[in-house]
Amino acid sequence: MLQQTWTSRCLMKFYAVVAASPTSWESHKIAERIEQRILNSNPVMEAFGNACTLRNNNSSRFGKFIQLQLNRAQQLVGATVQTYLLEKTRVVCQAFSERNFHIFYQICKGASEDERLQWHLPEGAAFSWLPNPERSLEEDCFEVTREAMLHLGIDTPTQSNIFKVRRKAAPLMFGRDDGQPLS
């Protein structure tokens, strides 16, 4: 777990304890549910916003602002999470020995044969925007990301739509192992 995640969790627990009424079991359950949803967002944010850099295998390329919402009785009733992608250029260009965002590697390593066909990801294709694919990282766990997306209410059909490579762009992004473009 990332240090920021651990710090966020500790702060949310503190605010939940301070803000929850000692007699309100419902307030306690609401606070736990809010905390769990925020924590469930972390694998998704890491997959879509973290990359392997020269200094860190799981370097965050985004910022996250969590706002806890309290009612007039100072009970935790909601939260909002705003994220800021800090390094959009990483999608098309990485420094030597660095990798793109984790999600791209997760999809390529974790998609089933049927999913690869459905998402237009040919087996054995080389991806110019995915350098260093031979490096396997703990962060390449596609199932963890998919499960977190389900917990956040992103159903399987919506996930498939997110992961699908659009046909129009395919000739520009893919190449064969022999360096020739796909036809």
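Coordinates for the structure precede this section.
Now for a description of the structure that goes with this document.

What counts, and at which threshold
Residues numbered from 1 in each chain as written. Predicted model: local features only at pLDDT ≥ 70, side-chain atom pairs only at ≥ 80, totals over all residues. Heavy atoms only, no water. Patch = residues over 30% accessible without salt bridge, like charges linked within 9 Å, V, L, I, M, F, W, Y side chains within 5 Å. Areas by Shrake-Rupley, 256 points an atom, 1.4 Å probe, with all protein chains shown as cover. Salt bridge = Lys/Arg side-chain N within 4 Å of Asp/Glu carboxyl O. Helix = DSSP H or I, 4+ residues; strand = E, 2+ residues; numbered from the N terminus. Pairing = 2+ DSSP bridges. Buried < 20%, exposed > 50% of the residue type's maximum accessible area, 1.4 Å probe, protein only. Arc of directions from axis to C-beta. Contact = heavy atoms within 4.5 Å. Phe/Tyr/Trp six-rings, centres within 6.5 Å; stacked < 30°, edge-to-face > 60°. Axes fitted to C-alpha atoms, helices over the stretch in contact; angles between N-to-C directions. Parallel < 35°, antiparallel > 145°, perpendicular 65-115°, else oblique. Left-handed = near helix turned anticlockwise from the far one by under 90°. Nonpolar A, V, L, I, M, F, W, Y, C, P; charged D, E, K, R; others polar.

Right, let's get into a nonpolar patch on the surface. Among the surface-exposed residues, Phe65, Tyr84 and Leu86 lie close enough to one another that they form a single nonpolar patch of about 340 Å² accessible area. Its place among the elements puts Leu86 in the loop between strand S4 (76–85) and helix H3 (102–110).

Pairing geometry for strand S3 (residues 62–70) and S4, over nine bridges, is antiparallel. Following the sheet pairing, Gln67 is matched in S4 by Thr80. Linking S3 back to S4 in an antiparallel pair, the connection comprises five residues, with Gln74 at a positive phi of about 60°.

Listed as buried for helix H5 (residues 142–151) are Phe142, Thr145, Arg146, Ala148 and Met149. One side of H5 holds all its buried residues, which, seen down the axis, span an arc of 160°. Elements in contact with the buried residues of H5: helix H2 (25–49), H3, helix H4 (113–118) and helix H6 (156–163). Positive phi shows up at Gly153, right after H5, with a value of about 90°.

Our next topic: the packing of aromatic side chains. When we look at a pair of aromatic rings, we describe it by the centre distance and by the angle of the planes. Scanning the entire structure with this criterion turns up three aromatic pairs. When the centroid spacing of 6.2 Å and the interplanar angle of 90° are considered together, the rings of Trp119 and Phe142 count as edge-to-face. Taken together, the residues Trp119 in the loop between H4 and strand S5 (126–127) and Phe142 in helix H5 connect sequence positions 23 residues apart. Each member of the pair, Trp119 as well as Phe142, is classed as buried. Clustering of aromatic rings is evident, with ring pairs tying together Trp119, Phe142 and Phe163.

Looking now at the packing of H2 against H5. Following both chains from N to C, one finds H2 and H5 inclined at 135°, their axes separated by 8 Å at the closest point. Comparing the axis directions of H2 and H5 gives the class oblique. Here H2 and H5 pass one another in a crossing that is left-handed. The residues of H5 that touch H2, namely those facing Arg37, Asn40, Pro43, Val44, Ala47 and Phe48, are Val144, Thr145, Ala148, Met149 and His151. Its residues placed into classes, the contact of H2 with H5 shows seven nonpolar, three polar and one charged.

What follows concerns the environment of Cys108. When you line up the elements, Cys108 lands in helix H3. Discounting chain neighbours no more than four positions away, the residues touching Cys108 are Arg116, Phe127 and Leu130.

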